[in-house]
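# Analysis of the macromolecular model
Spelled out from the first residue to the last, the chains are:
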Amino acid sequence: MNKRTEIINYRLKKAHEELNNAKLSLDNELYSSSLSASYYAIFHAARALLAAESIVSKKHSSVIYLFSEHFIKPGIVNKNIVKSLVLHLKCELKVIMRIYSILTIKM
């Protein structure tokens, strides 16, 4: 197995682990942890796709930009799916923050 394949496999493994963490956290009503793990699952999967194209970046903002340039703009990944996912995550975060603020006030 070559180095690039090892990197891709490692990042996919990290994405899978984070996805499992997100599910476990959600099942245990740990919403903030679930949201964070979901984000990192997507982040590691995006880095794996970029690595498959020999593109390397560690910064989150760079990964987002490079993913857009190499996968969304050329139409490899449907931009509507990505927009829906981002919108969903933003909505989830707003709901979680609202619930947290209500619970904090009641305590």
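Model, not experiment: these values are computed from the prediction. (Residues numbered from 1 in each chain as written. Predicted model: local features only at pLDDT ≥ 70, side-chain atom pairs only at ≥ 80, totals over all residues. Heavy atoms only, no water.)

Looking now at the packing of helix 2 (residues 31-52) against helix 3 (residues 60-72). Closest axis-to-axis distance for the helix 2/helix 3 pair is 10 Å, and the angle between their directions is 55°. When the axes of helix 2 and helix 3 are compared, the pair comes out oblique. For the crossing formed where helix 2 meets helix 3, the hand is left-handed. From helix 2, Tyr 39, Tyr 40, Phe 43, Ala 46, Arg 47, Leu 49 and Leu 50 reach across to helix 3, where they touch His 60, Val 63, Leu 66, Phe 67 and Phe 71. In terms of residue class, the contact of helix 2 with helix 3 is built from ten nonpolar, one polar and one charged. (Axes fitted to C-alpha atoms, helices over the stretch in contact; angles between N-to-C directions. Helix = DSSP H or I, 4+ residues; strand = E, 2+ residues; numbered from the N terminus. Parallel < 35°, antiparallel > 145°, perpendicular 65-115°, else oblique. Left-handed = near helix turned anticlockwise from the far one by under 90°. Contact = heavy atoms within 4.5 Å. Nonpolar A, V, L, I, M, F, W, Y, C, P; charged D, E, K, R; others polar.)

For the protein, mean pLDDT is 83; residues scoring 70 or higher make up 80% of the total. Of all helices and strands in the protein, the one with the weakest mean pLDDT is helix 4 (residues 79-106) (68), whereas helix 1 (residues 3-27) scores best (92). (pLDDT = per-residue confidence, 0-100.)

Mapping Ser 57 onto the fold places it in the loop between helix 2 and helix 3. Using a relative accessible area of 11% as the deciding quantity, one classes Ser 57 as buried. (Buried < 20%, exposed > 50% of the residue type's maximum accessible area, 1.4 Å probe, protein only.)

Below, the discussion takes up helix 1. Over its 25 residues, helix 1 extends 36 Å from the first C-alpha to the last, a length consistent with the 36 Å expected when each residue adds 1.5 Å. For helix 1, the set of buried residues is Ile 8, Arg 11, Ala 15, Glu 18, Ala 22 and Ser 25. Those residues of helix 1 that are buried lie in contact with helix 2. Capping of helix 1 at its N-terminal end is provided by Asn 2; its side-chain oxygen lies 3.2 Å from the backbone amide nitrogen of Arg 4. Glu 29 sits one or two positions beyond helix 1 and adopts a positive phi of about 60°. (Expected span 1.5 Å × (residues − 1). Polar contact = N/O pair within 3.5 Å; in protein donor to acceptor, adjacent residues only side chain to side chain.)

A few words now on the packing of aromatic side chains. Considering all chains together, one arrives at four aromatic pairs under this definition. On the numbers, 6.1 Å between centres and 80° between planes, the contact of Tyr 40 with Phe 43 is edge-to-face. You can see Tyr 40 and its partner Phe 43 sitting in helix 2, three residues apart, about one turn around the helix. Phe 43 sits in the buried class, given a relative accessible area of 7%. Grouping aromatic residues by their ring pairs yields a cluster made of Tyr 39, Tyr 40 and Phe 43. (Phe/Tyr/Trp six-rings, centres within 6.5 Å; stacked < 30°, edge-to-face > 60°.)

The next subject is helix 2. The terminal C-alpha atoms of helix 2, which comprises 22 residues, lie 32 Å apart, in line with the 32 Å expected from a rise of 1.5 Å per residue. Trailing helix 2 by a residue or two, Ser 54 shows a phi angle of about 60°, which is positive.

Looking now at the pattern of salt bridges. A complete count under the given rule lists two salt bridges for this structure. Between Asp 27 and Lys 23 there is a salt bridge, with the nearest N and O atoms lying 2.9 Å from each other. One end of the pair, Asp 27, and the other, Lys 23, are both in helix 1, four residues apart, so they sit about a helical turn from each other. Lys 73 is paired through a salt bridge with Glu 69; the nearest N and O atoms lie 2.5 Å apart. The exposure class of Glu 69 is partly exposed, given its relative accessible area of 27%. (Salt bridge = Lys/Arg side-chain N within 4 Å of Asp/Glu carboxyl O.)

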